[in-house]
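An overview of the molecular structure
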Amino acid sequence: MDNLEKNLLYDYLNDTGDIAILGGSFNPIHNGHIAMADAAHDMCKTDVVLMPNKTTYYKDNKVFASDEDRLSMVRFAAEERDYLMYSDMEIKRGGVTHTIDTIRFLKGVNPDRRIYFIIGGDSLEWIDRWVNAEELLESITVLTAVRGATDRNRSEEIIRKIKDTIPASDIRLLDMNSMEISSTDIRKRAQENKSLRDLVPEKIEAFIKEKNIYNGANR
């Protein structure tokens, strides 16, 4: 499957079968993101769609790659696995990105499909405060990454509290090996011309360095 086929375009998003979504700013996408996708695929046996957003309204990040560059890096990441797809629908939508808008669109295409939504443990801390959180959590199955006993205990506590408020929510723990990789650290290393080996796929490292993405005049 080539990358054109792997791009689930906004107007032609696949309308059959279950789907797992891993969204984010992907600034840049890195091996930690891919590991989360691996764990979700192993658990749910479905394709995982990498979905970069247009903007992230709760972040004020001056070191931000362009939509085009972030989408290119996501495209390279999709080449790493047969099950990895990507979508530009949130970038095409433009403006502030709210997850509920994407879920409503997908449910509108196929109301009966199961949508898995992959998040990190940090996002679990406040997912119940996202825009239209109740509707969102009743519409998706959340897969939250867990690393170690402490993280598991904290995650289970949060899930219990969310279930008390939103009984129809479906949140599952996604066990995966510890992989402490930070996009912030990657950008800093790129600015300092340090190696990104084992942090991002080789093609993404080459792309970052060739285009000088995180070390330009406007970064």
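Starting afresh in each chain, residues are numbered from 1 along the sequence in its written order. Local features in this predicted model are restricted to residues whose pLDDT is 70 or higher, and side-chain atom pairs enter the listing and the counts only when it is 80 or higher, whereas totals over whole chains, interfaces and linings include all residues. Side-chain calculation: all heavy atoms of the structure are included, whereas hydrogens and water are not.

**Quick look at the pattern of salt bridges**
Here, a salt bridge means any Lys or Arg side-chain nitrogen found within 4 Å of an Asp or Glu carboxyl oxygen. For the structure on display, the rule yields 18 salt bridges. For the salt bridge of D67 with K54, the shortest nitrogen-to-oxygen distance reads 2.5 Å. Here D67, found in helix α3 (residues 67-78), pairs with K54, found in the loop between β2 (48-52) and α3; they are 13 residues apart in sequence, far enough to count as distant. Accessible area is worked out with a 1.4 Å probe on protein chains only. A residue is then buried under 20% of its type maximum, exposed over 50%, and partly exposed in between. Judged by its relative accessible area of 28%, K54 falls in the partly exposed class. For K203, the salt bridge goes to E79, with nearest N and O atoms at 3.2 Å. With a gap of 124 residues between them, K203 in helix α10 (residues 202-211) and E79 in the loop between α3 and β3 (84-86) connect regions that are remote in the sequence. The partly exposed category is assigned to K203, whose relative accessible area is 43%. Going along the chain from the N terminus, every DSSP run of H or I of four or more residues is numbered as a helix, and every run of E of two or more is numbered as a strand.

**A closer look at the nonpolar core**
Residues L50, M73 and I118 are the most contacted members of the largest nonpolar core, which totals 42 residues. Here this core gets seven residues from one element, more than from any other, and that element is helix α2 (residues 31-44). Those residues in contact with L50, other than ones at most four positions away along the chain, are L22, F26, I29, V74, A77, A78, L84, M85, Y86 and S87. In these notes, a set of buried Ala, Val, Leu, Ile, Met, Phe, Trp, Tyr and Cys residues joined through side-chain atoms within 4.5 Å is what counts as a nonpolar core. I21, M51, I103 and I171 belong to the second-largest nonpolar core, a separate cluster that totals 26 residues. When checking whether two residues touch, look at their non-hydrogen atoms; a contact exists if any pair is within 4.5 Å.

**Here we look at the environment of T99**
The residue T99 is located in helix α5 (residues 99-109) in this model. Judged by relative accessible area, T99 falls into the buried class, the value being 17%. Spatially, the C-alpha atom of T99 lies 8.2 Å from that of W130, the residues being 31 residues apart in sequence. Among residues more than four places away in sequence, those in contact with T99 are F117, W130 and L136.

**A look at the sheet that holds strand β6 (residues 170-175)**
Strand order across the open sheet formed by six strands is β3-β2-β1-β4-β5-β6, with parallel pairing between neighbours. The open sheet is flanked by β3 and β6, the only strands paired with a single partner. Each adjacent strand pair in this sheet contributes to an overall mean axis angle of 30°, direction not counted. With three bridges joining them, β2 and β3 adopt parallel strand pairing. Following the sheet pairing, V48 is matched in β3 by L84. Sheet contacts for α3: β1 (19-24), β2 and β3; angle to β3, the most-contacted strand, approximately 160°. Lines fitted to the C-alpha atoms define the axes, with helices restricted to the stretch that makes contact. Angles between their N-to-C directions range from 0 to 180 degrees. With respect to the sheet, α5 is in contact with β1, β2 and β4 (115-119), its orientation differing from that of β4 by roughly 160°. A strand pair is defined by DSSP finding two or more bridges across the two strands.

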